[in-house]
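Coordinates in review
Listed below, chain by chain, are the residues.
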Amino acid sequence: VLGFGEKLVAIRWSDLRATADHELYLLDVSAQALKGAPEVDRHNFEKTADANWRRSLSAYWDGALKP
């Protein structure tokens, strides 16, 4: 449905907002921002532990979430 599940994208936990009942987490961004988000390789999660990768992730979301 709508391309969900085709790729994994990285999102910082700090950017998610929980619903009042804590059943869901929300990220208020445009579809374009989500489409351009850094991808995570399903077979290489170790890459996400790299400091340079995490810096680029933060830089992306800092820019995408600017008001």
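Structure: above.
Okay, so let's go over this structure. Throughout this document, residue positions are counted from 1 along each chain, in the order its sequence is written. Residues qualify for local features only when their pLDDT is at least 70, as the model is predicted, and side-chain atom pairs are given and counted only at 80 or more; totals for whole chains, interfaces and linings, by contrast, use all residues. As a rule here, side-chain values come from all non-hydrogen atoms in the structure, and water together with hydrogens is ignored.

1. Here we look at the nonpolar core
We apply this condition: Among buried residues, the Ala, Val, Leu, Ile, Met, Phe, Trp, Tyr and Cys ones that are joined through side-chain atoms within 4.5 Å form a nonpolar core. Relative accessibility decides the category of a residue: with a 1.4 Å probe and only protein chains considered, values under 20% of the type maximum give buried, values over 50% give exposed, and everything between is partly exposed. Secondary structure counts use DSSP, requiring at least four H or I residues in a row for a helix and at least two E residues in a row for a strand, with both numbered from the N terminus. Contact between two residues is taken to exist if any of their heavy atoms lie within 4.5 Å; hydrogens are not considered.
Membership of the largest hydrophobic core is limited to six residues, which are Ala10, Ala37, Val40, Trp53, Leu57 and Trp61. For this core, the element with the highest residue contribution is helix α2 (residues 51–64), accounting for three residues. Among residues more than four places away in sequence, those in contact with Trp61 are Ala10, Ile11, Arg12, Asp15, Leu27, Val29, Ala33, Leu34, Ala37 and Pro38.

2. What about the packing of aromatic side chains?
What counts is decided by this rule: Side-chain rings of Phe, Tyr and Trp (the six-membered ring for Trp) are treated as a pair once their centres are within 6.5 Å; stacked means planes under 30 degrees apart, edge-to-face means over 60, and tilted covers the remaining angles.
Scanning the entire structure with this criterion turns up two aromatic pairs. Geometrically, the ring pair formed by Trp13 and Tyr25 is edge-to-face, given 5.7 Å between the ring centres and 80 degrees between the ring planes. Of this pair, Trp13 sits in the loop between β1 (8–9) and β2 (17–18) while Tyr25 sits in strand β3 (residues 25–26), and the two are twelve residues apart along the sequence. For the ring pair Tyr60 and Trp61, a centre distance of 5.1 Å and an interplane angle of 85 degrees mean the geometry is edge-to-face.

3. Observations concerning the pattern of salt bridges
Pairs can form between side chains of opposite charge once their charged atoms are near each other. What counts here: Every case where a carboxyl oxygen of Asp or Glu lies within 4 Å of a side-chain nitrogen of Lys or Arg is listed as a salt bridge.
Taken as a whole and assessed by the stated rule, the structure comprises three salt bridges. When the shortest N-O distance is used, the salt bridge between Arg12 and Asp15 registers 2.6 Å. Here Arg12 ties to Asp62 by a salt bridge, and the two come within 2.8 Å at their closest N and O atoms. In this pair, Arg12 sits in the loop between β1 and β2 while Asp62 sits in helix α2, placing the two residues 50 residues apart along the sequence.

4. Overview of α2
Here is the rule we go by: To estimate the expected span of a helix, subtract one from its residue number and multiply by 1.5 Å. We call two N or O atoms a polar contact when they sit within 3.5 Å, provided that within protein one can donate a hydrogen and the other can accept it, with sequence-adjacent residues counted only if both atoms are side-chain atoms.
Spanning 14 residues, α2 covers 20 Å between terminal C-alpha atoms, matching the ideal 20 Å at 1.5 Å per step. Packing partners of the buried residues in α2 comprise α1 (31–35) and β4 (39–40). You can read the cap of α2 off the contacts: a side-chain oxygen lies 3.1 Å from the backbone nitrogen of Asn52, and it is on Asp50.

5. Side note on the environment of Pro38
With respect to the element layout, Pro38 can be found in the loop between α1 and β4. Considered as a pair, Pro38 and Trp53 are 15 residues apart in the sequence and their alpha carbons are 9.3 Å apart. If we skip the residues at most four places from it in the chain, Pro38 touches Leu8, Val9, Ala10, Leu57, Tyr60 and Trp61.

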